[in-house]
Amino acid sequence: QLGKMQCLEWLEASYTAIEELPDSIGSLPRIERLFFDQCEKLSCVPNSIRNLKSLEYLSLTSGEDIKEMELIEAVNDMKLKCLSLSCNIRVWLPFILSFSSLTHLILRDECGSPFPTKPFSFFQLFNLGQLCLTNCTSHGSSFPELPLNLKLLEVEKHASLEQLPDLSYLKHLKIMSITRCCSLQSLHKLPPHLYRLSRCVNVE
């Protein structure tokens, strides 16, 4: 009976064994933040979530491939600021790019394909200030096109990345972290105002 909590603004259900969200979650008119991090069994999100017009923060990181989530028709009515997903980035990219209001984006790629594909682009997310990418195993040595207003960039476990491209066009980038990118050999032109750069290669 989650939908009866009409004054609920923040729901934190991370690290739980939940398998699916109830359809009544779409009846929360004031909800602004939904967090379902590391819910390893979560595989179903109801279509009713499209009714959450006040939602600004959404985090869905699961060990399963989240299915039955058809939000593309409703994205123009949602004004998400922060989105965190474990997903097949290639499949979900049109959905993600529809949220022009995003300022913070965290993506863990669950594609699972061993074959490299052409690079994808986040360039049209003009308001994006923070981007975190993890487990980009399916993109070969390619690197995504980044939005101009990016201030923080974190890349983790991009196993095939050998060289960072020219990032000097990112005039606002201040912090960049490259972690566990075991094939990285060189850095190209860096942003002119970068003041913090960290690179760490760990062997698990």
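None of the values given here were measured: they were computed from a predicted structure. (Residues numbered from 1 in each chain as written. Predicted model: local features only at pLDDT ≥ 70, side-chain atom pairs only at ≥ 80, totals over all residues. Heavy atoms only, no water.)

Caption draft 1: Summary view of the overall build of the chain. Helix and strand counts for the chain come out as one helix and 11 strands. Traced from its N-terminal end to its C-terminal end, the chain shows the element sequence β-β-β-β-α-β-β-β-β-β-β-β. By sequence separation, contacts in the chain at least 24 residues apart represent 34% of the contacts at least 6 residues apart. (Helix = DSSP H or I, 4+ residues; strand = E, 2+ residues; numbered from the N terminus. Contact = heavy atoms within 4.5 Å.)

Caption draft 2: The arrangement of the environment of T103 in detail. Note on placement: T103 falls in the loop between α1 (89-97) and β5 (104-109). Distance in space between the C-alpha atoms of T103 and N149 is 9.7 Å, their sequence separation being 46 residues.

Caption draft 3: The confidence of the model for the chain, seen in detail. When pLDDT is averaged along the chain, the result is 81, and 83% of the positions lie at 70 or above. Ranking the elements of the chain by mean pLDDT puts strand β10 (residues 186-187) last with 78 and strand β1 (residues 10-12) first with 93. (pLDDT = per-residue confidence, 0-100.)

Caption draft 4: Summary view of the pairing of strand β4 (residues 82-87). For β4, the tally of buried residues reaches six of six residues, placing the bulk of the element in the interior. With burial as the criterion, each face of β4 is covered, one bearing C82, S84 and S86 and the other bearing L83, L85 and C87. Where strand β3 (residues 57-60) meets β4, four bridges bridge the pair, whose relative direction is parallel. What sits directly across from Y57, in β4, is C82. Here β4 pairs with β5 via six bridges, running parallel. (Buried < 20%, exposed > 50% of the residue type's maximum accessible area, 1.4 Å probe, protein only. Pairing = 2+ DSSP bridges.)

Caption draft 5: Seen up close, the packing of aromatic side chains. One pass over the structure, following the stated rule, counts five aromatic pairs. Here W92 and F95 contribute two aromatic rings whose centre-to-centre distance is 5.2 Å and whose plane-to-plane angle is 85°, an arrangement assigned as edge-to-face. On the criterion of helical spacing, the pair formed by W92 and F95 is a turn pair, its members being three residues apart in helix α1. Taken individually, W92 and F95 each receive the classification buried, so the pair is uniform in this respect. The interplanar angle of 75° and the centroid separation of 6.2 Å between the aromatic rings of F123 and F126 together place this pair among those described as edge-to-face. For F123, a relative accessible area of 28% gives the class partly exposed. (Phe/Tyr/Trp six-rings, centres within 6.5 Å; stacked < 30°, edge-to-face > 60°.)

Caption draft 6: Broad picture of the nonpolar core. In this structure, L34, F36, L83, L105 and F122 are the most contacted members of the largest nonpolar core, which totals 54 residues. Mapped by element, the contributors of at least two residues to this core are β2 (33-36), β3, β4, α1, β5, β6 (130-134), β7 (152-156) and β9 (175-179). Tallying contributions element by element places α1 first for this core, with six residues. With sequence-adjacent residues up to four places away left out, L34 is seen in contact with L11, I25, I49, L52, L55, Y57, L58 and S59. (Core = buried A, V, L, I, M, F, W, Y, C linked by side-chain atoms within 4.5 Å.)

Caption draft 7: Fine view of the environment of L194. Within the secondary structure, L194 is located in the loop between β10 and β11 (196-200). Separated by 42 residues in sequence, L194 and L152 have C-alpha atoms that sit 9.6 Å apart. Discounting residues that sit within four places of it in the chain, L194 has contacts with L173, K174, I175 and M176.

Caption draft 8: Quick look at the side chain of S59. Along the chain, S59 falls in strand β3. Take S59: its relative accessible area is 4%, and that puts it in the buried class.

Caption draft 9: Here's a closer look at a nonpolar patch on the surface. A contiguous nonpolar patch, built from L187, L190 and L197 and spanning about 210 Å² of accessible area, is present on the exposed surface. Given a relative accessible area of 31%, L190 falls into the partly exposed group. (Patch = residues over 30% accessible without salt bridge, like charges linked within 9 Å, V, L, I, M, F, W, Y side chains within 5 Å. Areas by Shrake-Rupley, 256 points an atom, 1.4 Å probe, with all protein chains shown as cover. Salt bridge = Lys/Arg side-chain N within 4 Å of Asp/Glu carboxyl O.)

Caption draft 10: Summary view of the pairing of β2. Bridge count between β1 and β2: three bridges; the pairing is parallel. Across the sheet, the residue bridging to L11 is L34, located in β2. In this structure, β2 lies alongside β3, joined through four bridges in parallel fashion. Pairing of F35 across the sheet is with S59, part of β3.

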